Amino acid sequence: MKEYWGSLASILGVLAFCQSLLHVLFPPELRFATLKLFNRIFNVFNSYCYFDITEIDGVNTNELYNAVQLYLSSSVSISGSRLSLTRALNSSVITFGLTNNDTLFDTFNGVTVLWEHIVTQRQAQTFSWRPMPDEKRGFTLRIKKKDKSLILDSYLDYIMEKANDIRRKNEDRLLYTNSRGGSLDSRGHPWESVPFKHPSTFETLAMDPAKKAEIMEDLKDFANGQSFYQKTGRAWKRGYLLYGPPGTGKSSMIAAMANYLGYDIYDLELTEVHNNSELRKLLMKTSSKSIIVIEDIDCSINLSNRKKGTANNSSIGRSYCDPEMRSGPGGGTGDEGGNSITLSGLLNFTDGLWSCCGSERIFVFTTNHADKLDPALLRSGRMDMHVFMSYCSFPALKILLKNYLGHEESELDEGVLKELEEVIAMAEMTPADISELLIKNRRNKDKAVIELLEALKERAERKSKGGESVREKNLNDVEEEEQEKRALESPKEGRAFDDSCEKDEEDEEKKIE
Ligand SMILES: Nc1ncnc2c1ncn2[C@@H]1O[C@H](COP(=O)(O)OP(=O)(O)OP(=O)(O)O)[C@@H](O)[C@H]1O
Ligand SMILES: [Mg+2]
């Protein structure tokens, strides 16, 4: 052992002697040139090339570093024996990462590459506007020289895309709102956000399964349709109008859409927006992969502008047909009027040049009265899909029974099922009403079903009685309308009516005399 240490010491001594000899014999310039030459020779014979991705690029955080870290976390979790764990703010998911100076092989398009995570101590604090971390972190990517041109660009793009997907999955959705009278926060953002944790999904949504499948397919096609939209020259956006009575699941559907696609929601409170330019600014500050929602659009602002007499000096309630209201992008005249937005502004918001300042966005409008909306707002391209959320149907009822009571169709008594099917359409009950009944009795499933059936029967009976009187009233109304119409259409009849009135008046006058 002593001999071993002795020989090691003598080797080190020789090396130190050589180094000092090199220093004495060769000037620094020559030493540098020699090293460069060695490097070149080494590179010629080395079949790999290396790429360093440092955590901090100058003073900015390198986005690629974070993306690589996230990307590698997806494969590391399965294979690594020592991993670093992180949990982002707002996230309910823990991600795995490579520990310091660890390596990992990855394969892309049949090419194998090596990643190494390198952590070194920062030597001295250089001047910086913000404090730097004590450690210098970075990834080194090793690729065979012959594969470099084959994969490098597409591989890095793929990593960025994958990392974004992982980030979206890990982070909870965000729900944004603008309801602060147009004020901006400290960073100049007009939107406030909270984590979006609505549990509604398409699985729990009670509606006709065929309609549900159609919507889901449409959403998936939209989300995967980047090349389609590019090819056809259309802005990558889609509009949905959800209409129907209160409590039929319009808001639940929006939440299900966001959870299905992993998008954020921007809930636009139209009454808080003062003018068209504010509306544009709000739109500019929305991110891609988001759903922009205007709930109860008929109540937010008067947009039923087609009726006579609504066109007055105020910009609210004026017609899209009104040339003044159509002029100029962004509503033009609407901005000057002061604190009101116009239909034109809203149309530009959903369909104009500004609507494509981001991409992959879905506009959803909800209303209880689709007939009150201006057709210009509803045309294809603005609202591509009109979804009627109806009263609870039999297939929807089966979904609610499963959600709230855990009942599969086969577990229910056939007779009860048949009775439910018979009365459900006539009862015209909303899924919200039925949910309340089921929640009330969820501890006693049999009681819940029986009470529901009774409530449905009672309601159906009331409806059928009410329906008759309504029908009678409607018939009377129609008759009166017909009479008025006839009077207007046949001047003779009208004249006769007028003549008789005049005659009566004359007689009256004579009597008084
Ligand atoms: N189709 C449905 N599927 C499942 N649950 C529903 C459905 N419709 C309503 N609900 C239940 O009723 C509640 C109210 O529904 P929601 O807020 O989605 O109705 P809405 O159509 O948006 O009503 P409004 O027009 O008043 O805004 C929800 O919390 C949900 O539990
Ligand atoms: Mg709603």
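Residues numbered from 1 in each chain as written. Chains lettered and ligands numbered in written order. Predicted model: local features only at pLDDT ≥ 70, side-chain atom pairs only at ≥ 80, totals over all residues. Heavy atoms only, no water.

You'll find the protein entered in an unreviewed UniProt entry as AAA+ ATPase domain-containing protein, with Salix viminalis given as the organism. The heading Sequence similarities (unreviewed entry) in the UniProt record of the protein holds the text "Belongs to the AAA ATPase family. BCS1 subfamily." Entered under Cofactor (unreviewed entry) in the UniProt record, the comment concerning the protein runs "Mg(2+)". (UniProt positions renumbered as here; feature names shortened; annotations may be inferred.)

What follows is about the environment of Tyr-50. Following the sequence through the fold, Tyr-50 ends up in strand E1 (residues 48-54). In sequence terms Tyr-50 and Lys-144 are 94 residues apart; their C-alpha atoms lie 8.8 Å from each other. When near neighbours in sequence (up to four residues on either side) are disregarded, Tyr-50 contacts Thr-140, Leu-141 and Arg-142. (Helix = DSSP H or I, 4+ residues; strand = E, 2+ residues; numbered from the N terminus. Contact = heavy atoms within 4.5 Å.)

Attention shifts here to the nonpolar core. With 28 residues, the main nonpolar core has Ile-215, Tyr-240, Met-253, Ile-291 and Ile-362 as its most contacted residues. Those elements that place two or more of their residues in this core are helix H5 (209-223), strand E11 (237-243), helix H7 (250-261), strand E13 (290-294), strand E14 (361-367) and strand E15 (385-388). Here the element with the most residues in this core is H7; it accounts for seven residues. When near neighbours in sequence (up to four residues on either side) are disregarded, Ile-362 contacts Leu-219, Phe-222, Arg-238, Tyr-240, Leu-261, Tyr-263, Ser-290, Ile-291 and Ile-292. (Core = buried A, V, L, I, M, F, W, Y, C linked by side-chain atoms within 4.5 Å. Buried < 20%, exposed > 50% of the residue type's maximum accessible area, 1.4 Å probe, protein only.)

Looking now at the site of ligand 1. The immediate surroundings of ligand 1 are formed by 16 residues, with Ala-206, Gly-247, Lys-250, Ser-251 and Ser-252 found nearest. At a separation of 3.0 Å, a nitrogen atom of ligand 1 approaches a polar backbone atom of Gly-249. Contact between ligand 1 and Ser-251: an oxygen atom at 2.8 Å from a side-chain N or O atom of the residue. For ligand 1, whose free accessible area comes to 620 Å², the fraction covered by protein is 72%. (Near = heavy atom within 4 Å. Polar contact = N/O pair within 3.5 Å; in protein donor to acceptor, adjacent residues only side chain to side chain. Areas by Shrake-Rupley, 256 points an atom, 1.4 Å probe, with all protein chains shown as cover.)

Taken in spatial order, the four strands of this open sheet run E1-E8-E7-E6, and their pairing is antiparallel. Strand pairing shows two members of the sheet lacking a second neighbour, E1 and strand E6 (103-108), which therefore form its edges. Here the strands of the sheet are splayed against their neighbours by 25° on average, with no regard to which way each runs. Taken together, the eight bridges between strand E7 (residues 111-121) and strand E8 (residues 135-144) define a ladder with antiparallel strand orientation. For His-117, the partnering residue across the bridge sits in E8 and is Phe-139. Taken strand by strand, helix H4 (residues 145-170) contacts E1, E6, E7 and E8, and its axis lies near 130° from that of E8. (Pairing = 2+ DSSP bridges. Axes fitted to C-alpha atoms, helices over the stretch in contact; angles between N-to-C directions.)

Inspection of every chain in the model, using the stated rule, returns 10 salt bridges. The partner of Arg-238 in a salt bridge is Asp-218, and the shortest N-O contact between them spans 2.7 Å. Residue Arg-238 is located in strand E11, and its partner Asp-218 is located in helix H5; the two are separated by 20 residues in the primary sequence. On the accessibility criterion, Arg-238 (16% relative accessible area) is buried. Of the charged contacts in the structure, one is a salt bridge between Glu-360 and Lys-289, with a shortest N-O distance of 3.0 Å. Of this pair, Glu-360 sits in the loop between helix H12 (343-351) and E14 while Lys-289 is found in the loop between helix H8 (276-284) and E13, placing the two residues 71 residues apart along the sequence. (Salt bridge = Lys/Arg side-chain N within 4 Å of Asp/Glu carboxyl O.)

We now examine the sheet that holds strand E9 (residues 173-177). Where strands meet in a sheet, backbone hydrogen bonds hold them as pairs that are either parallel or antiparallel. Read from one edge of the open sheet, seven strands run E10-E9-E12-E13-E14-E11-E15, paired in mixed fashion. Since the sheet does not close on itself, it has two edges, and those belong to strand E10 (192-196) and E15, each with one partner. Each strand axis lies, on average, 20° off the axis of its neighbour in the sheet, ignoring direction. Pairing between strand E12 (residues 264-267) and E13: four bridges, direction parallel. Note that in E13 the partner of Tyr-266 across the bridge is Ile-292.

Let's shift gears to the confidence of the model for the protein. Summing up the model confidence of the protein, the mean pLDDT is 76 and the portion of residues at 70 or higher is 68%. Across residues 304-338, confidence stays below pLDDT 50; counting only partners more than four residues off in sequence or on other chains, it has 68 contacts. The complex prediction reports pTM at 0.63, with the ipTM value standing at 0.98. (pLDDT = per-residue confidence, 0-100.)

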